[in-house]
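A closer look at the structure
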Amino acid sequence: MWLLNIRRGFSVLALAGVCSSMAMAALSPGDPLPDLKEFGLEGTVPELAGKVVLIDVWASWCAPCKASFPAFDELQGDKSTDGLVILAVSVDQKAKAYESFLDRMKPTFATVRDGKQKLVAELSPPAMPTSFLFGRDGKLRSVHLGFHGDKSVVELRTEIEALLQEKSS
């Protein structure tokens, strides 16, 4: 009986994990990029108008987030002159955790901290990290849950390159 209960517990946990991975972000494709000035973000938000914007929501305790930073550095370096802006939004409530992570990773793209969780509440990322990709028109084009190494890089690069080819409105 005890073994059966453990198995049921694992089944319930596994099912909960599947359900949470199917959760959707609060924004849907076609929704506009929120006005980031309204959220009290700590740090400098770069100019986003007319740019392809990748907003990556991350946390210092998240291993896939750490893995994504070198890939985002490379994307930013390759595509910034074409009009890509990457903005990494930390959900860390403690500034020290955020700063320590940045000291270790030394990202070349813009980062801000959403210590009051206002933007995070608006975006409602269903996983850590979650990337929101906006076209030059300021409308959400896709949402990427998690970071899955080369697979994520290929998907993002392909979408970003296509969006960079679009003319701004």
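Residues numbered from 1 in each chain as written. Predicted model: local features only at pLDDT ≥ 70, side-chain atom pairs only at ≥ 80, totals over all residues. Heavy atoms only, no water.

1. Focus on the pattern of salt bridges
Taken as a whole, this structure holds seven salt bridges when the rule is applied. Arg157 serves as the salt-bridge partner of Glu161, at 4.0 Å between the closest nitrogen and oxygen. Separated by four residues within a single helix, Glu161 and Arg157 lie in helix 5 (residues 150-165), roughly one turn from each other. Counted as one network, the salt bridges with shared partners bring together Glu74, Asp78, Lys79, Arg157 and Glu161. (Salt bridge = Lys/Arg side-chain N within 4 Å of Asp/Glu carboxyl O. Helix = DSSP H or I, 4+ residues; strand = E, 2+ residues; numbered from the N terminus.)

2. Quick look at the packing of helix 2 (residues 63-79) against helix 5
Two numbers describe how helix 2 lies on helix 5: the axes approach to 11 Å, and their chain directions differ by 25°. In terms of their interaxial angle, helix 2 and helix 5 are classed as roughly parallel. Considering how the two elements wind past one another, helix 2 and helix 5 form a crossing that is right-handed. Two secondary-structure elements touch here, helix 2 through Ala71, Phe72, Glu74, Leu75, Asp78 and Lys79 and helix 5 through Val153, Leu156, Arg157, Ile160, Glu161 and Leu164. Residue composition of the contact of helix 2 with helix 5, by class: seven nonpolar, no polar and five charged. (Axes fitted to C-alpha atoms, helices over the stretch in contact; angles between N-to-C directions. Parallel < 35°, antiparallel > 145°, perpendicular 65-115°, else oblique. Left-handed = near helix turned anticlockwise from the far one by under 90°. Contact = heavy atoms within 4.5 Å. Nonpolar A, V, L, I, M, F, W, Y, C, P; charged D, E, K, R; others polar.)

3. Some points on the layout of surface pockets
There is about 180 Å³ of room inside the largest pocket. Its residues assigned to classes, the lining of the largest pocket comprises six nonpolar, no polar and three charged. (1 Å grid on protein atoms, 1.4 Å probe; cavity = no way out; pocket = protein on both sides within 12 Å on 5 of 7 lines; lining within 4 Å. Points joined across faces, edges and corners; volume = space filled by probe spheres on them.)

4. Some remarks on the state of the cysteines
Applying the stated rule across the entire model yields one disulfide. Between the sulfur of Cys62 and that of Cys65 lies a disulfide, 2.4 Å long from S to S. Across the disulfide from Cys62 to Cys65, rotation about the S-S bond amounts to roughly 85°, and the bridge is consequently right-handed. Comparing Cys62 with Cys65, the two get one shared label, buried. (Disulfide = S-S within 2.5 Å. Buried < 20%, exposed > 50% of the residue type's maximum accessible area, 1.4 Å probe, protein only.)

5. Structural notes on the confidence of the model for the protein
Mean pLDDT over the protein: 87, with 84% of residues reaching 70 or higher. Confidence over residues 1-23 falls short of pLDDT 50; this stretch has four contacts with residues more than four positions distant or in other chains. (pLDDT = per-residue confidence, 0-100.)

6. Regarding the environment of Val52
Among the secondary structure elements, Val52 is positioned in strand 1 (residues 52-58). In this structure, Val52 is in contact with Gly83, Leu84, Val85, Leu133, Phe134, Gly135, Arg136, Leu163 and Leu164, ignoring residues within four places of it in sequence.

7. Considerations on the side chain of Ser90
Examined against the element boundaries, Ser90 turns out to sit in strand 2 (residues 84-90). Sequence-distant contacts of Ser90, that is, excluding residues within four places in its chain, are made with Trp58, Tyr98, Val112, Arg113 and Asp114.

8. Some details on the packing of aromatic side chains
A ring pair, where both rings are aromatic, is described by two values, the distance of the centres and the angle of the planes. Here the structure, examined in full by the defined rule, presents seven aromatic pairs. Aromatic side chains Phe69 and Phe101 sit 5.0 Å apart centroid to centroid with 80° between the ring planes, which places their arrangement in the edge-to-face category. Taken together, the positions of Phe69 in helix 2 and Phe101 in helix 3 (residues 95-105) put the pair 32 residues apart, joining distant regions of the chain. A single burial state applies to Phe69 and to Phe101, both of which are buried. The interplanar angle of 70° and the centroid separation of 6.2 Å between the aromatic rings of Phe72 and Phe147 together place this pair among those described as edge-to-face. Placement of the pair is Phe72 in helix 2 and Phe147 in the loop between strand 5 (140-145) and helix 5, with a sequence separation of 75 residues. Judged by relative accessible area, Phe147 falls into the buried class, the value being 12%. What links up through ring pairs into an aromatic cluster is the set Trp58, Phe69, Phe72, Tyr98, Phe101, Phe109 and Phe147. (Phe/Tyr/Trp six-rings, centres within 6.5 Å; stacked < 30°, edge-to-face > 60°.)

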